[in-house]
Amino acid sequence: MASILRLRKLYYVEPAVKCSSVGFESLDQSPKIDQKLDKREDDVICANNLALEVKKKRKQAKEWRCMDSCCWIIGCLCTTWWLLLLLFHCWPVTLLRAPELPGPGVRLKREGLMALHPVVLVPGIVTGGLELWEGRSCADGLFRKRLWGGSFSEIFKRPLCLLEHLSLHYGTGLDPPGIRVRAVPGLVAADYFAPGYFVWAVLIENLAKLGYEGKNLHMAAYDWRLSFQNTEIRDHSFTRLKSKIELMYITNGYKKVVVVPHSMGAIYFLHFLKWVETPPPMGGGGGPGWCAKHIKATMNIGPTFLGVPKAVSNLFSAEGKDASYIRAMVPGVFDSEILGLQTFEHVMRMSRTWDSIVSLLPKGGDAIWGNMDSSPEEGHVCDFSKKSHSQTSLSDNNVNNSDVKRGFQVKGVAKYGRIISFGKAASVLHSSKLPTVDSKEFSQMSTSKNLNISCGEVWTEYDEMSRQNIQNAAADKAYTTTTFLDLLRLVAPKMMRRAEAHFSHGIADNLDDPKYNHYKYWSNPLETKLPNAPDMEIYCLYGVGIPTERSYVYKLSPNSRCKSIPYQIDSSLSGEDNSCLRGGVYFADGDESVPVLSAGFMCAKGWRGRTRFNPFGIATHIREYRHKPPASLLEGRGIESGAHVDIMGNSALIEDILRVAAGATGDEIGGDRIYSDILRMTERINL
């Protein structure tokens, strides 16, 4: 019996668990067993207790822990993913994918169309790749690797280092000392923004079906962070573009060039049209007939001719619709003092060094975007259901179909002219019930500096404002596009002084005034003339039918610490049914980024016929593409999308571009195609 108990102890009992040492020692002393029977009973009891203890510990070891659950879930997800991937590559394609119709390039080639006019693509903001040529020690190993665009893997590895290298000098808007980041050249600059996310790739592929290649197809990549004139000063971007167009014109049988800008690229190329004919040193010296000789048409996709409200929220609080929603879903995470993320502050530090964003601020003031009590979109009623976006196919070619009117009803109360309102009441009350906004008040407030110097390093210009001035700027006020510029000059005076040396946002009364010969006016279609090229055509191609950010309702940020943004979109506010207010943002019709008013006004009225902005009568055409979301995930981003970037894969848009590149005119492809209420909007605008 003693041997058995010792064996149990050796194999099953942990050293930390001990019984009476006297009892076990007595088992080794056989001559004394008869004398200590009572102690042997104690030993048996102790052994039983030890066995129970071991059994209990084994049971505890088998208990399911939280970590086990996490590992199990991850394992199931990975296994499922690999099984689906295996099936995707092993099963017949027809079982997994919808049958693909021939693309526009294939169909038009069957019709006999082929490459005729050289094509130049001009990317917009953000979509072009940027690579490193010189950097700080934290960027070792990244020479000529993409800092922007591509996989974005380095951003996750060293985010603060990348933010530092993507920022420009706050005083000059050019390279900081010791840093050189340049645009990626060639078609690969903006064919894909990220792996699998196309920008120009689908259009390039369809152009190739007609015979386009490197000799007659060019991507005019540029550093989209800089002001337009600075791209010429630093990189000679305009000079290189001028030389490339002249070369393509000569080497392709003296055929004029078709230029296809996207988004901000539209006003970038508008600046180029004025620069190329202006005498040096400010311009390119091409002479007054250069555009008429070399340019057949400019086909502007999602043009930002009159700016975008998104630029307002970006510069004011580094937010937008999506950012405010994320902040509302996880309140306090991005601004947490414990985590120390301060995501929005880092984004603002970087984006306020980019002069290009200032170029996207709304142009034309209250005359275009509306005043405190009226706006061109007045009466618009939003429908946020996806069903409404796809009620009519893009094959419809009715200029004045009845569906156009469904978006405009008398019920609407949104006052879009108030680009920023502090509080919901300030966004809906009559202007007579609101505090007045006086530019003199801003000038007095700007002289008052922040007396609290405990913040140390200044992250944004908000750190230089007193708390009293921050509160006074809000105080139940509302701002139009005109007074908002005054507000920006208050909260970011250094940025505005730098940027307003390169851009203007007004309306010219007399374009013969010599001051408009300065390059700061060339990207504003309301402050510059189109060139003397009566045979040239200008197209406005854009999507409609998607709720697009138009104005914002703000509140004071609950976080008042140093190095923080004092204002944020009030994402808790939403309107009633048919209201365009969702999450603190008022929506209007557009392509999700650019409102119809900005994309279509110049082609509908500002340049239509002979006007002071178009004195030589260049023909303009509007081609709208009603948004139709993909029916399933198998369709990807869809071939009938009207979204700002996804429209680059829209079959109807690609077909229009291919036909013009192959020699067609605007009238030959069908003239105007209008689904929105842009014509009624233009009637409400008096220039």
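Residues numbered from 1 in each chain as written. Predicted model: local features only at pLDDT ≥ 70, side-chain atom pairs only at ≥ 80, totals over all residues. Heavy atoms only, no water.

- Under an unreviewed UniProt entry, the name given to the protein is Phospholipid:diacylglycerol acyltransferase 2, and the organism recorded is Hibiscus sabdariffa.

Structural notes on the overall build of the protein
Thought 1: If you tally the helices and strands in the protein, you get 27 helices and 17 strands.
Thought 2: Residue burial in the protein is summarised as follows: out of 687 residues, 51% are buried.
Thought 3: When the accessible area of the protein is evaluated, it comes to approximately 31,700 Å², of which 57% is carbon and sulfur surface. (Helix = DSSP H or I, 4+ residues; strand = E, 2+ residues; numbered from the N terminus. Buried < 20%, exposed > 50% of the residue type's maximum accessible area, 1.4 Å probe, protein only. Areas by Shrake-Rupley, 256 points an atom, 1.4 Å probe, with all protein chains shown as cover.)

Looking at the packing of aromatic side chains
Thought 1: Taken as a whole and assessed by the stated rule, the structure comprises 29 aromatic pairs.
Thought 2: The interplanar angle of 90° and the centroid separation of 5.4 Å between the aromatic rings of Phe228 and Tyr268 together place this pair among those described as edge-to-face. One end of the pair, Phe228, is in helix α10 (residues 228–235); the other, Tyr268, is in helix α12 (residues 265–277), and 40 residues separate them in sequence. The exposure classification of Phe228 matches that of Tyr268, with both residues buried.
Thought 3: Aromatic side chains Phe422 and Tyr554 sit 6.2 Å apart centroid to centroid with 50° between the ring planes, which places their arrangement in the tilted category. A residue pair is termed long-range when its members are at least 10 positions apart, and Phe422 in strand β10 (residues 420–422) and Tyr554 in strand β13 (residues 546–556) qualify at 132 residues. Here the two residues Phe422 and Tyr554 agree in accessibility, since each one is buried.
Thought 4: Ring-pair connections join several aromatic residues into one group, and the members of that group are Tyr222, Phe228, Phe238, Tyr268, Phe269, Phe272, Trp275, Trp290 and Phe503.
Thought 5: Seen from the ring of Tyr197, Arg637 lies directly overhead, with NZ or CZ sitting 3.8 Å from the centre.
Thought 6: In this structure, Arg637 packs its charged tip against the face of Phe198, placed 3.8 Å from the ring centre. (Phe/Tyr/Trp six-rings, centres within 6.5 Å; stacked < 30°, edge-to-face > 60°. Lys NZ or Arg CZ within 6 Å of the ring centre and 35° of its normal.)

Things to note about α10
Thought 1: Counting buried positions along α10 yields 7 of 8 residues, so the element is predominantly enclosed.
Thought 2: Taken together, the buried positions of α10 are occupied by Phe228, Gln229, Asn230, Thr231, Glu232, Arg234 and Asp235.
Thought 3: Buried residues belonging to α10 abut β4 (180–183), α11 (237–251), α12 and α17 (355–359).
Thought 4: Trailing α10 by a residue or two, His236 shows a phi angle of about 60°, which is positive. (Contact = heavy atoms within 4.5 Å.)

Thoughts on the state of the cysteines
Thought 1: Considering all chains together, one arrives at 3 disulfides under this definition.
Thought 2: In this model, Cys138 is linked to Cys161 through a disulfide, with the two sulfur atoms separated by 2.1 Å. One quick way to see it: the torsion about the S-S bond of Cys138 and Cys161 is about 80°, and its sign makes the bridge right-handed. Taken as a pair, Cys138 in the loop between β2 (130–134) and β3 (146–148) and Cys161 in helix α8 (residues 159–166) lie far apart in primary sequence, 23 residues in all.
Thought 3: There is a disulfide in this structure between Cys540 and Cys603, and the S-S distance comes to 2.0 Å. Residues Cys540 and Cys603 are joined by a disulfide whose S-S torsion is about 75°; by sign, that bridge is right-handed. With a gap of 63 residues between them, Cys540 in strand β12 (residues 537–544) and Cys603 in helix α25 (residues 596–606) connect regions that are remote in the sequence. In this structure, Cys540 and Cys603 share a single accessibility class: buried. (Disulfide = S-S within 2.5 Å.)

Thoughts on the environment of Val596
Thought 1: Summarising the element assignment, Val596 is placed in helix α25.
Thought 2: The contacts of Val596, once residues within four sequence positions are left out, are Tyr542, Val544, Asp589, Gly590, Phe601, Glu624, Ser676, Ile678 and Met681.

Looking at the sheet that holds strand β8 (residues 257–261)
Thought 1: Strand order in this open sheet of 6 strands is β7-β1-β8-β9-β12-β17, and the pairing throughout is parallel. With one partner strand each, in any of the chains shown, β7 (217–219) and β17 (619–626) form the two edges of the open sheet. Sheet twist, expressed as the mean angle between neighbouring strand axes with direction ignored, is 15°.
Thought 2: Here α11 sits on the sheet in contact with β1 (119–122), β7, β8 and β9 (295–301), set at roughly 160° to β1.
Thought 3: Together, β12 and β17 form the strand contacts of α25, whose direction differs from that of β12 by roughly 150°. (Pairing = 2+ DSSP bridges. Axes fitted to C-alpha atoms, helices over the stretch in contact; angles between N-to-C directions.)

Some points on the confidence of the model for the protein
Thought 1: Taken as a whole, the protein shows an average pLDDT of 84; of its residues, 77% reach a score of 70 or greater.
Thought 2: Within the model, the stretch residues 4–34 combines pLDDT values under 50 with 28 contacts to residues more than four positions away or in other chains.
Thought 3: Note that pLDDT drops below 50 for residues 93–98; the model gives that stretch 5 contacts with residues more than four away or on any other chain. (pLDDT = per-residue confidence, 0-100.)

Brief notes about the sheet that holds β4
Thought 1: Pairing is antiparallel across the open sheet formed by 3 strands, whose spatial order is β3-β2-β4. Edge positions in the open sheet fall to β3 and β4, since each of these has one partner strand only. Pairwise comparison of adjacent strand axes, ignoring direction, gives a mean angle of 45° for this sheet.
Thought 2: When β2 meets β3, the two strands line up antiparallel, connected through 2 bridges. Its bridge partner being in β3, Glu131 is matched across the sheet by Arg146.
Thought 3: On the sheet, α8 packs against β2, β3 and β4 and is oriented at approximately 80° with respect to β3.

Comments concerning α11
Thought 1: When the terminal C-alpha atoms of α11 are compared, their 21 Å separation across 15 residues agrees well with the 21 Å that a helix rising 1.5 Å per residue should span.
Thought 2: Those residues of α11 that sit buried are Ser237, Phe238, Leu241, Lys242, Ile245, Met248 and Tyr249. Along the axis of α11, the buried positions cluster into a sector of 135°, meaning they face one direction only.
Thought 3: Within two residues after α11, Gly253 carries a phi angle of roughly 70°, on the positive side. (Expected span 1.5 Å × (residues − 1). Arc of directions from axis to C-beta.)

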